[in-house]
Amino acid sequence: MSVERAASNASSHQLTNAVIRLHAVYFLIPWERVPYFPGQFVGPYKVYVLLFVLLCGAWAVEVIRYGARKPTFWFAVSTVWFWVIFWAGIFLGYMQDDPIMTSVPLYRILAGAVPYADGMLVWYLVHNNRWRREEFEGALRCVFWVALAMGVESILFYYLRIPNPYSLNHEGQFFLGMFVRHHIVASRLGLILVGVAFYFFWRRGGWFYLFASLAGILLVFSTWRRVPIFMLFLGAILLILFFMKFRRRPDVKGKMKSFFVSCLTVSVFLACIGVSVMVGTWVRGEFVEASNLSMSVKERLFQYARAADVFIARPFLGGGPRQGFLYGYSKDTPATFSGYVYGDITRYESGIQGWSTSDLFQENPRKSAPVSLHSLPMNFVVDLGLLGLVLVIVMLITGARYFFRIMRLPPHKGSLCLVMPFAVIFSTVAALFFAVSTTAHFYPYWLFTILLHFVHCLYREVLAGPFRGFPIVRISPSGSTP
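Every residue gets a number counted from 1 within its own chain, in the order that chain's sequence is written. It should be noted that, the model being predicted, local features are given only for residues of pLDDT at least 70 and side-chain atom pairs only at 80 or more, the latter also being counted only at that level, while totals for whole chains, interfaces and linings use all residues. Note that the side-chain values use all heavy atoms of the structure and ignore hydrogens as well as water.

### Things to note about the nonpolar core
Part 1 of the reasoning: If you look at the biggest cluster of nonpolar residues, it comprises 121 residues, and the most contacted ones within it are Phe27, Phe242, Ile406, Phe422 and Ile450.
Part 2 of the reasoning: By definition, any uninterrupted DSSP run of H or I lasting at least four residues is a helix, any uninterrupted run of E lasting at least two residues is a strand, and each is numbered from the N terminus. Considering each element in turn, this core owes the most residues, 14 residues, to helix H17 (residues 415-435).
Part 3 of the reasoning: Note on contacts: a residue pair is in contact if any heavy atoms of the two residues lie within 4.5 Å. Look past the residues within four positions of isoleucine 450 in its chain and what remains in contact with it is Ile20, Val122, Trp131, Phe136, Ala139 and Leu140. Remark: nonpolar core denotes a set of buried residues (Ala, Val, Leu, Ile, Met, Phe, Trp, Tyr, Cys) joined through side-chain atoms within 4.5 Å. In this scheme, a residue with accessible area under 20% of its type's maximum is buried, one over 50% is exposed, and one in between is partly exposed, where area comes from a 1.4 Å probe on protein chains only.

### Concerning the packing of aromatic side chains
Part 1 of the reasoning: Each Phe, Tyr or Trp ring (for Trp, its six-membered ring) is paired with any other whose centre lies within 6.5 Å, and the angle between the two planes then decides the class: stacked below 30 degrees, edge-to-face above 60, tilted in between. Under the defined criterion, the tally for this structure stands at 40 aromatic pairs.
Part 2 of the reasoning: Aromatic side chains tyrosine 26 and phenylalanine 27 sit 5.5 Å apart centroid to centroid with 70 degrees between the ring planes, which places their arrangement in the edge-to-face category.
Part 3 of the reasoning: Tyrosine 26 sits in the buried class, given a relative accessible area of 5%.
Part 4 of the reasoning: What makes phenylalanine 27 buried here is its relative accessible area of 2%.
Part 5 of the reasoning: In this structure, arginine 161 is placed above the aromatic ring of tyrosine 158, and the distance from its NZ or CZ to the ring centre is 5.1 Å.
Part 6 of the reasoning: Each ring is checked for a lysine NZ or an arginine CZ that lies within 6 Å of its centre and within 35 degrees of its normal; such an atom marks a charge sitting over the ring. One residue, arginine 314, lies across the ring of tyrosine 327, its end atom 4.5 Å from the ring centre.

### Regarding unusual backbone geometry
A negative phi angle characterises most non-glycine residues, just as the trans form characterises most peptide bonds.
Part 1 of the reasoning: Although it is not a glycine, tryptophan 224 adopts a positive phi angle of roughly 55 degrees.
Part 2 of the reasoning: Within the secondary structure, tryptophan 224 is located in the loop between helix H9 (207-223) and helix H10 (226-246).
Part 3 of the reasoning: Under the relative-accessibility criterion, tryptophan 224 is labelled buried at 11%.
Part 4 of the reasoning: Despite not being glycine, arginine 322 has its phi angle at roughly 65 degrees, a positive value.

### Some thoughts on the pattern of salt bridges
Part 1 of the reasoning: Put simply, a salt bridge is a Lys or Arg side-chain nitrogen that is within 4 Å of an Asp or Glu carboxyl oxygen. Applying the stated criterion across every chain yields a total of six salt bridges.
Part 2 of the reasoning: A salt bridge links glutamate 137 to arginine 204, with the nearest nitrogen and oxygen atoms 3.3 Å apart. In this pair, glutamate 137 is assigned in helix H7 (residues 133-159) and arginine 204 in helix H8 (residues 183-204), connecting sequence segments 67 residues apart.
Part 3 of the reasoning: The exposure class assigned to arginine 204 is partly exposed, which follows from its relative accessible area of 46%.

### Examining a nonpolar patch on the surface
Part 1 of the reasoning: Only residues above 30% relative accessible area that lack a salt bridge enter a patch, with like-charged residues linked at up to 9 Å and the nonpolar side chains Val, Leu, Ile, Met, Phe, Trp and Tyr linked at up to 5 Å. Note on areas: Shrake-Rupley with a 1.4 Å probe; residue coverage comes only from the protein chains shown. A grouping of Trp81, Phe316, Leu386, Val390 and Val394 is seen on the molecular surface, where their side chains present a nonpolar patch of about 410 Å² in accessible area.
Part 2 of the reasoning: A per-element tally of the nonpolar patch places helix H16 (residues 386-407) first, with three residues.
Part 3 of the reasoning: Take valine 394: it is sitting in helix H16.
Part 4 of the reasoning: A relative accessible area of 36% means that valine 394 is categorised as partly exposed.

### A word on the environment of alanine 186
Part 1 of the reasoning: Checked against the element boundaries, alanine 186 lands in helix H8.
Part 2 of the reasoning: Residue class for alanine 186 comes out buried when judged on its relative accessible area of 0%.
Part 3 of the reasoning: Along the primary structure alanine 186 and alanine 147 are separated by 39 residues, whereas in three dimensions their C-alpha atoms are 8.1 Å apart.

### Overview of the packing of H17 against helix H18 (residues 445-464)
Part 1 of the reasoning: As a rule, the C-alpha atoms of each element are fitted with a line to give its axis, helices using only the stretch in contact, and angles between N-to-C directions run from 0 to 180 degrees. Contact geometry of H17 with H18 gives a least axis separation of 9 Å together with a crossing angle of 155 degrees. What the angle tells us is that H17 and H18 run roughly antiparallel. Every pair of crossing elements has a handedness; the one defined by H17 and H18 is left-handed. From H17, Leu418, Val419, Pro421, Phe422, Ile425, Phe426, Val429, Leu432 and Phe433 reach across to H18, where they touch Phe448, Leu451, Leu452, Phe454, Val455, Leu458, Tyr459, Glu461 and Val462.
Part 2 of the reasoning: Each residue gets one of three labels, nonpolar for Ala, Val, Leu, Ile, Met, Phe, Trp, Tyr, Cys and Pro, charged for Asp, Glu, Lys and Arg, and polar for the others, Gly among them. Grouping the constituent residues of the contact of H17 with H18 by class yields 17 nonpolar, no polar and one charged. Between 65 and 115 degrees an angle is taken as roughly perpendicular, under 35 as roughly parallel, over 145 as roughly antiparallel, and anywhere else as oblique. Crossings are sorted by hand: turned counterclockwise from the far helix by less than a right angle, the near helix makes the crossing left-handed, and turned clockwise it makes it right-handed.

### A look at the environment of arginine 133
Part 1 of the reasoning: Among the secondary structure elements, arginine 133 is positioned in helix H7.
Part 2 of the reasoning: With 324 residues separating them in the primary sequence, arginine 133 and cysteine 457 have C-alpha atoms 7.1 Å apart.
Part 3 of the reasoning: Dropping the residues within four chain positions of it, arginine 133 is found in contact with Tyr199, Arg203, Phe454, Cys457 and Glu461.

Structure (structure tokens):
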């Protein structure tokens, strides 16, 4: 009977599950105009809107045909809060003649909410459809093939130097991506490819997945973005920590050997970071002098300080989806925090192509304006205010709980095979989260949704195994403890 019920439940959600898997097409749509299909006709944001409309339609069909389950309490509160602050922000902006809100066309404001709304709907559907490991693996397999195609492309056109004007920058120094045409996204896809490929290798074996993981590593290095390279090593360190913890150590000598290997791993990690910085600096030709590197750090810190100004000025409403960064650079946002740290910000030049933080939006708020605060967590805060800050904090706290509670479990025979699949996906999420902390463009929140849910699914598998009797607090899908 339980098998029949599971089959019936799977068939009733096939449509929404298929559209969620279809989201992987998003990574094949170029950001820039290119002379090949489909970049001639549509951009990635139009495709994103189309995918969201398809998902809403599929969900409506299933609701009419099969009914819908109620969402969890905290998820419902977050969703209601998001839509309340979204419409309240628009209403108050027009009522108060906000110089930023009134200068942005309404359709752009509505389109800016699509990545958030789509991510929330995917989160609800994954929970509502009761995804198991098979569904998660099916969705990640679609992303895997897209990322693998990009990894192979980087090998052909960057490492083998096959001529292709659409895959390299204008000087041929680093890989851009024929499809994505945006090396920031390609480097993050490289991290995903490494983690997902290694997960499938651990689950199923086979040299194909191991070579795919290598293609992901090469993809990360071909873009020469320093932060993704650092996070690649961070993910490797976390994975090694899990491996050393749950490998059986029957005696004191084995424990000392594990400790020595851990110290050696950390040393190699630090050495690789140093080499990566030097090589990345040489390849990209940026920040050669220490003074320039110092200015780069100052720019980022100033952006974060301005994000704090936006949060102080608009703690409940935020700036609105994809609009918060405009308030971050606006002269109309009080310099409460940044003024305390930097003094008179009207005299502070941001250094980004000569932009000044003062009077940036006097004539046109979007003229020569930056497109982001170059940090996904900071964009959450400036866009959603208190809700965004809570989401970021909950994500960090939940990840820390997963890590320390799993690391508290005692190693025994068979525990390595049980824990390592969780460790691979957890390390991938951690590396990706910190990598997008310096990313201007990363809107596939649905991918974060799938990865976070999958981490929770594998976490429950670990606790349901031989560790069933171990005293540990379980974490609910919404991130809270029951």
